[in-house]
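# Results of the structural survey
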Amino acid sequence: MNNPSKWPALALLGLLAHSSDAANVSMLGHDDVGVSSFISAGNWDDGAAPSAGNDYFTGPFRLRSPATTLNYTFAGDSLTVHTSEGRLFGKSVAAPVSPGQVLTINKLILNGGYVDQSGWSWLTLMGNIEVIAESSFGASSADTLEIMSAISGSAPLNISGPTINGGQDTGAVILSAANPYSGTMTLCANTPANSEKGLLRLNHRDALGSATLNTISTTLVALTFSAAANTGAFNIGALTGTGSMMLSDTVGMPVVLSVGSKGSSTTYSGSLVGSGGLVKVGSGTLRLLGANTNNRGDTAVEGGVLSLTVPHLHDESTVSIAGGAVLQLDFAGTDTVGALVLGGVAQPDGVYSSGNSGGFISGEGSLLVQTVAAGNGSSTPTTPVESPYRSTRAWRAYDGGSAPRPSSSYFDVPFMAVRTWYSAGALRIAGRRRTAAIYYSADDAAVVGIAAKALRDDVQRVTGLLPRVSTRAPRAAEAILIGTIGASPLIDGLIAAGKLDVAAIEGKWEAYVAVVVKHPMRGVRRALIIAGSDRRGTAFGVFGLSESMGVSPWYWWGDVAVKRKSAVYVRGCHTQASPAVKYRGIFLNDEDWGLQPWAAQTFEPEVGNIGPKTYATIYELLLRLHSNMIWPAMHEWPVMTTPFYLVPGNKMMADNYGIVISTSHHEPMHRNSHEYDESLLGAYNYWSNWDTVYHFWDERVEETADCENIYTVGMRGRTDAGMLAPSGTTDAQKAEKLQNAIIPDQREMLSQHVNGNASEMPQIFIPYKETLVQYQAGLQLPDDVTILWPDDNHGYIRQLSNASERARSGGSGVYYHLSYWGVPASYLWFCSTPPGMTSSEMLKAWDFEARNIWLVNVGDLKPAEIGTEFFLRMARNPEAFRNFDQHDYFTQWAARTFDAWHAEAIAEVLDGYFSLNIVKRPEHLTSQGDSGFSPVLNGDEAQQRLDKFASLAALADTVYGRLCAEQKPAFYEMVLYPLRASYKVNQRTLLAERSRMWAAQKRAATATLAAEAQAAHDALLAEVEFYNEVNAGGKWNLTLNPMPELGGWARETQNPFLMPAVGSYSPPAAAALGVAIEGSEAVLKSGVPGELAVFSRAADSNRFIDVFNQGSAAMSWTAVAGAPWVVLSETSGTADARIVVSINWDTAPRGNAVLGNVTVAAAGGAELTVSLVVHHPDNLDLADLPDAVEDNKVVVIEAEDFVARSDRSSDGAGWRRVDKATASQDGMAIEPVTASSADPASLPTGAPSLTYTFYAFTTGPVQILTQCLPTHKTTSAHEGVRYAISLNGDSPIVVDVNAEEYTAAWNVNTLRAASVGVSDHKITAPGSQTIEVWMVDASVVLDKLTVQLFQGFYLYEAEDLTVHDSSSDVRVTKYSDVPASGGGGMHVQSTKAGQFGTFVLPNVQAGDYEIIIRVKKWTSRGIMQLAVAETPTGLFTDLGDEQDLYSTSGGYSDLEAIPVKFVSDGPKYLRFTATGKNPSASNYWILFDTILISKVAVDPPSGP
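Reading guide: rules and limits
- All residue numbers refer to position in the chain's written sequence, counted from 1.
- It should be noted that, the model being predicted, local features are given only for residues of pLDDT at least 70 and side-chain atom pairs only at 80 or more, the latter also being counted only at that level, while totals for whole chains, interfaces and linings use all residues.
- Hydrogens and waters are ignored; side-chain quantities use all the structure's heavy atoms.
- Numbered from the N terminus, helices here are DSSP runs of H or I no shorter than four residues, and strands are runs of E no shorter than two.
- Between the two quantities, the radius of gyration covers C-alpha atoms and the globule rule is 2.2 Å times the number of residues to the power 0.38.
- For each residue, the accessible area found with a 1.4 Å probe, counting protein chains only, is set against the maximum for its type, and the residue is called buried under 20%, exposed over 50%, and partly exposed in between.
- Contacts: residue pairs with any heavy atoms within 4.5 Å of one another.
- Calculation of accessible area relied on Shrake-Rupley with a 1.4 Å probe; when residues are assessed, cover is drawn exclusively from the protein chains displayed.
- By this rule, a helix spans an expected 1.5 Å times one less than how many residues it contains.
- Any two strands are treated as partners once DSSP identifies two or more bridges connecting them.
- The axes used here are C-alpha line fits, helices contributing only the stretch in contact, and every angle between their N-to-C directions lies in the interval 0 to 180 degrees.
- An angle counts as roughly parallel when it lies under 35 degrees, as roughly antiparallel when it exceeds 145, as roughly perpendicular when it falls between 65 and 115, and as oblique in every other case.
- Rotating anticlockwise by less than a right angle from the far helix to the near helix defines a left-handed crossing, while the corresponding clockwise rotation defines a right-handed one.
- Amino acids outside the nonpolar list (Ala, Val, Leu, Ile, Met, Phe, Trp, Tyr, Cys, Pro) and the charged list (Asp, Glu, Lys, Arg) are all regarded as polar, and Gly is one of them.
- The salt bridge criterion pairs a side-chain nitrogen of Lys or Arg with a carboxyl oxygen of Asp or Glu, the two atoms within 4 Å.
- For patch building, the residue pool is restricted to those with more than 30% relative accessible area and no salt bridge; the joining distance is 9 Å between like charges and 5 Å between nonpolar side chains (Val, Leu, Ile, Met, Phe, Trp, Tyr).
- His is not counted, nor are the chain ends, whereas Lys and Arg count as positive and Asp and Glu as negative.
- Throughout, a charge is located at the NZ atom of Lys, the CZ atom of Arg, the CG atom of Asp or the CD atom of Glu.
- Each residue carries a pLDDT score, the predictor's own confidence in it, on a scale running from 0 to 100.

Quick look at the overall build of the protein chain now. Scanning the protein chain for helices and strands turns up 20 helices and 86 strands. Taking 35 Å as the expected radius of gyration for a compact globule of 1504 residues, we find that the protein chain reaches 39 Å, a close match to that expectation. The principal-axis extent of the C-alpha atoms belonging to the protein chain is close to 120 × 105 × 65 Å. Here the protein chain holds 1504 residues, and 59% of them are scored as buried. Nonlocal contacts in the protein chain, meaning residues at least 24 apart in sequence, comprise 71% of its contacts between residues at least 6 apart. Accessible surface, the protein chain as shown: approximately 54,300 Å² in total, 50% of it carbon and sulfur.

An ideal rise of 1.5 Å per residue puts 32 Å on 22 residues; helix α17 (residues 941-962) measures up with 32 Å between its terminal C-alpha atoms. Packing partners of the buried residues in α17 comprise α16 (903-919), α18 (968-1000) and α19 (1006-1029).

By the criterion of burial, strand β81 (residues 1423-1429) is predominantly enclosed, with 7 of the 7 residues buried. The alternating pattern of β81 places I1423, Q1425, A1427 and A1429 and M1424, L1426 and V1428 on opposite faces, both of which are buried. Pairing of β81 with strand β85 (residues 1466-1476) involves 7 bridges; the strand directions are antiparallel. Of the residues in β85, the one forming a bridge with I1423 is G1476.

Here we take up the environment of V754. By the secondary structure assignment, V754 is in the loop between α10 (731-753) and β50 (763-765). The exposure class of V754 is buried, given its relative accessible area of 3%. Separated by 369 residues in the primary sequence, V754 and V385 place their C-alpha atoms 6.1 Å from one another. Sequence-distant contacts of V754, that is, excluding residues within four places in its chain, are made with V385, E386, S387, V701, A705, Y711, M749 and M761.

Before going further, it helps to examine the sheet that holds strand β33 (residues 350-353). Taken in spatial order, the 3 strands make up an open sheet running β30-β35-β33, and their pairing is mixed. Two strands in the sheet have a free side with no partner beyond their single neighbour: β30 (334-337) and β33. Neighbour-to-neighbour, the strand axes of this sheet turn through a mean angle of 30°, independent of strand direction. Pairing geometry for β30 and strand β35 (residues 366-369), over 4 bridges, is parallel. When the sheet's bridge partners are listed, D335 is paired in β35 with L367.

Now for the packing of helix α13 (residues 835-847) against helix α14 (residues 865-876). For the pair α13 and α14, interaxial distance at closest approach is 11 Å and the crossing angle is 30°. Our classification of the angle between α13 and α14 gives roughly parallel. The handedness of the crossing between α13 and α14 comes out as right-handed. Facing P835, T838, S839, M842 and L843 of α13, the residues of α14 in contact are F870, F871 and M874. Among the residues making up the contact of α13 with α14, the classes are represented as 6 nonpolar, 2 polar and no charged.

Given 3.6 residues per turn, any residue in an α-helix points the same way as the ones three and four places further on. Under the 1.5 Å per step criterion, the end-to-end length of helix α2 (residues 446-463) is 26 Å for 18 residues, consistent within 8% with the ideal 26 Å. Taken together, the buried positions of α2 are V447, V448, G449, A451, A452, A454, L455, D458, V459, V462 and T463.

What follows concerns the pattern of salt bridges. Under the counting rule described, the total for this entry stands at 55 salt bridges. D32 is paired through a salt bridge with R62; the nearest N and O atoms lie 3.8 Å apart. Here D32 is found in the loop between β1 (23-26) and β2 (54-57), whereas its partner R62 is found in strand β3 (residues 62-64), with 30 residues between them in sequence. Between D940 and R1138 there is a salt bridge, and its shortest N-O distance comes to 2.7 Å. Taken together, the residues span a long stretch of sequence, with D940 in the loop between α16 and α17 and R1138 in strand β61 (residues 1137-1143) at a distance of 198 residues. By relative accessible area, which is 0% here, D940 ends up buried. Members of the salt-bridge network, linked through shared partners, are E510, R535, R536, R584, D655 and E708.

Okay, the packing of helix α15 (residues 886-897) against α16 next. At a minimum axis distance of 8 Å, the contact between α15 and α16 shows a crossing angle of 130°. The angle between α15 and α16 falls in the class oblique. By crossing handedness, the relation of α15 to α16 is classed as right-handed. Contacts from Q886, H887, F890, T891, W893, A894 and A895 in α15 reach A903, E904, I906, A907, E908, L910, D911 and F914 in α16. Each residue belonging to the contact of α15 with α16 can be placed in one class, and the counts come to 9 nonpolar, 3 polar and 3 charged.

It is worth spelling out a negative patch on the surface at this point. A cluster of acidic residues, D1438, D1441, E1442 and E1456, forms a negative patch at the surface. One can find D1441 in strand β82 (residues 1437-1444). Residue classification places D1441 among the exposed residues on the basis of a relative accessible area of 64%.

It is worth spelling out the sheet that holds strand β44 (residues 567-570) at this point. Here we have 4 strands laid out as an open sheet, ordered β36-β44-β37-β38, and antiparallel in their pairing. Two strands bound the open sheet, and with one partner strand each, they are β36 (418-419) and β38 (434-435). Bridge analysis of strand β37 (residues 427-431) against β44 gives 4 bridges, and the strand direction is antiparallel. Within β44, the residue paired with L427 across the bridge is V570.

Below, the discussion takes up the pairing of strand β42 (residues 512-521). Extensive coverage of β42 is indicated by the burial of 7 of its 10 residues. Where β42 and strand β43 (residues 524-532) come together, 8 bridges link them in antiparallel fashion. Looking at β43, one finds that M521 is bridged to V524. Where β42 hands over to β43, the hairpin turn is made up of 2 residues, of which G523 adopts a positive phi near 90°. Bridge count for β42 against strand β45 (residues 573-576) is 4 bridges, and the pairing is antiparallel.

This part takes up the confidence of the model for the protein chain. Overall, the predicted model of the protein chain reaches an average pLDDT of 91, with 95% of residues at or above 70. Low pLDDT (under 50) marks residues 161-168, which in the prediction has 15 contacts with non-local residues, meaning those over four places away or in another chain.

Following this line, the structure appears as structure tokens:
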């Protein structure tokens, strides 16, 4: 069909429409990219641009519009787009807002052709359009085609569709004119998920006033109505098809649809959804087959017949029927409406049908008219619903009582002590082949019966004897009587008889009393009574007894062995106050690789998912831990967890166990957002689809109204993202939507279905991720809603309540993470957050009165047993953790869980495990990039780390070998596996990294080391297999279920199970000597001595030299010290070796720079020299030195190693040691954390301070790196996370280490568990130096101080530098990238030549330097020129040549060193300008990682 001589015959109708004397011009071929025949000769057969007097025909070819932002008018008399292959192809590149690019065509004829826009833009057509054969309009997914032309004709017209343009056109077509078009317009495609445009938008009420609309789309947003045009009814000539439509405009307001003006009869089987109205006009019949789902609008029949086949008129709607018109009810039964108007006359309440409506109603159905009572939403007055779980009083910690005093035990059992022998007044629970019978009332809550039967089983676990459980009247000499005050006739009878005093707990929350009583009732000689203030209080009391008998809460979920006892006796009484935090629970999350496959395939295959059997075990665990709430598992990818409420039995099981169900931050109103099918329901968008979303939530609220729930209010996106909103909506506007529409609607649901007064039902708002920004933008919450403050997903709370927020009746709580999938990196396989760190953050939350809810994300629950229990135990009584000692906690935990014999060793293992893994979580050791542990610096950081792991593993293996068989499964699950697996991840990664270095050094042993890395990986997989299939008899099979095949953004979740690349080197046959020294990866070259770092007497330094063979043949070597006081650990050998070099200080000569050397030689071969310098001053007295002394230009001081401390006199606030709370273990924090911030202007007075001393030999500029816990601003009233610091009495420098979430600095901080403040100082004289640190904000937790003296170079992380200025049209911003040094860099987003960014390098000394810039090259990079200046306004001088940063391989690399001379001390200014780009480059971008300023000559150390 592409022969131009043939196609005009197909356009005969089009030709007849033109003037006989006009010339016909046809296209000869397609307009390719860059060609537009719209304004040029292009492909026209006359070789000229379009002009007046000619008619133009596309034929089967594509006519492109100009790909510009300019407006154009087609110069010809007409343009005809022919055949199904002919196309007017809009290529506007204007901004994607109206009107974009405007094309005016005075006469556009569609004769079977296609008009669309594709350019991520907006195209507007003006003029006139005539449709003479079936044709189509469309726009690509990100585009808009607006038609302001008047459309005429009667031929069919299609709006996009899967059969058009390959299904690509799913953008918006907008009709903005009153069109006389009378044909059938068909909507024939789905719109993309989350589309805010819709396939067709009516921007004029008469756009389809004469047309037939045929919609066959299956999405509600296929047709949308412009808010700007919503000034009256939208007129549609006739309506047919199967697709549904939403009767609301683009801002969510209802619209009225007027249908039938053509007078034809049609059938419409789609649904009319929303609160808009329907008006039937004209003489024909409109037959509606679909359900008008949730349609709250009114219905009017003004002409012809409206036939309804389904009784779905809204109960509150008004139905009006004009004279001569008929409402035909073609259904059996009665539909309810709020009002009926016949012939303009309102009818009284009653039933109306064909028999009594005077001809207005026909058919077999009828209408029940019930007038809606004002303000009630119901047709008859009703009593407001009332929930049994309503609360009318504010929560008070410990229910208003005083906090229990901290004791020496973190594991105080909340019950009387159990003995194995009888004493006076004791009740025998079991022993001597007899047991006390257990009684409870059948009328009591289900959880009481569950607890009673669990107690029976626990007694059997402990003694081997099985008690009887009964709901009958007690008849036993010895009995255990269990029940809830006010719900148990058994307990209430004891109270009435004066046998039980419950005054201490009655009316309180989850409290209980236990007491042994003589003759409590007839037939019972002695009884243990356990009475709860409510149903959970009763259960907690029962499980308190179980714990006292020795049954661990983790007997099932942790396989903790129960120690057998010959007998169990109890005496006395115990009263347990309410817990400190009201709601305490867990979130099962990211369960794809553990809990879900285990439940679905191992434990509950009959359900094939996480079902009631699984949840029952979890609920029991929660009760045994005295916890009461859960966010159920809800993930949908890569493994689909069936939504909680869609699994039969899940809801009932929770209610039976008395567990409160709540849902996560993107599951409002108990509705798992993954239940929402956008292909059926339209966008999850409260602006454009609010009625559907409302109904979606409302259904679940009604379904769960009879259970105890905490309702999540607010709205986020369906997939843990920001909520959908119209383009350009600000955070303040989103806050307004939440405040004035979404949350009020959600509370209306509660009032209708749950409790008439919504404020009495617990509700939470979670300012998570972007929702916190919306809250900070001004969102005002109802006073009774609890704010659940989240951490930043990595254990550091983002914000807590300020004074006004603390005064809210709803109070606040905390949502905390022990597991996370997300940026900057996930941690899903190991629980590696130290309890000390959790304690520090949660005590802060407690002190800022976050006391209503503590909820922790525990991932799959296993292997997070230790962290889960710690969090929930702390929630019961935070004051018990006020002076937390982590080692003591672990010792007590191990003694309780295993035995006292091994407790100390187990505590040592756990301390070491958390200490090593919080510095770098195992999941953050990637298969690519830098581990952060150097094999050549600081004595070989990588090997030191592996040595620590190996030592812990050996200790853990020893303990495992000594435990009895019953104890081994629990120890393996909770201690040994996490340690071994994290060790193997580290070993594999660090050995692989070292093997890559060895390959670069050409070490013959590279393959051996690579094999060791592979062996570590294989050992890791063997541990996983043992955990799943062997330990505990395979009970937990698939609890660890890696998916290393996952790709894309999810691949990093599998980091622990991804084998990194290893080094590869094929050595030559001949032996060759290789030598490398500490501090460098480079191999020494013959004739170029290596230089070891300075040996300091004060630090008693030692360094290492590696000797290795670079060939296959055998090699012997010798090492000779150049002086007798240089000590070598090895002096000869035939294998690779590490020589440790140390100094014999007794014989070493005195001096500030004593020279020495070591010579390494191969037998009959090469000889390499290593130089060394010894700093051994004459007058150095070690006894006078402080503990912290300069070594190799660095001093490290742990924060807790201060020499003086000063508290603030006004309130006693001061620095206090916090145990195991930081990356280097202990830290210093302010107590109380609620202390007011200090005024920086008043420093150094009026603020708590710490003083440190160190000894320095070097003078000149220094930087003090103050490492802190990466906490956030405590409340919105705090200005930052600030401290002040001075050296030797210089003016205090205020440093803020706060990093906003998702910034490059925050990314780095979370990955290293530290934020680092940098301050610049100067040492003027060697000797003792004094640092003072003051509190400015109480949220600072100091970790350690590192003093970096001038080492002859300055190394700057680009992301830490200040941007001095940049060209006005370029953006300079930080970016995050794990392989980058420090995890990020700086990006000059230049888009053309001449754009620049200028960076400030602080406090550089005068001298001669080399500048080495580390960049990230890629295909989008430009050509860069560096220029420097020494003043902010000074002349910039170009340095070096232009650098082309284009590369197809990508990655980070150092540019060639550039010499520079600075003539003065002070800041320097580096300007980077894009001067052009490689022809193959796609942009002019410049990405920086680090900037190194290295002095050409470095002076030796000075004397003391």
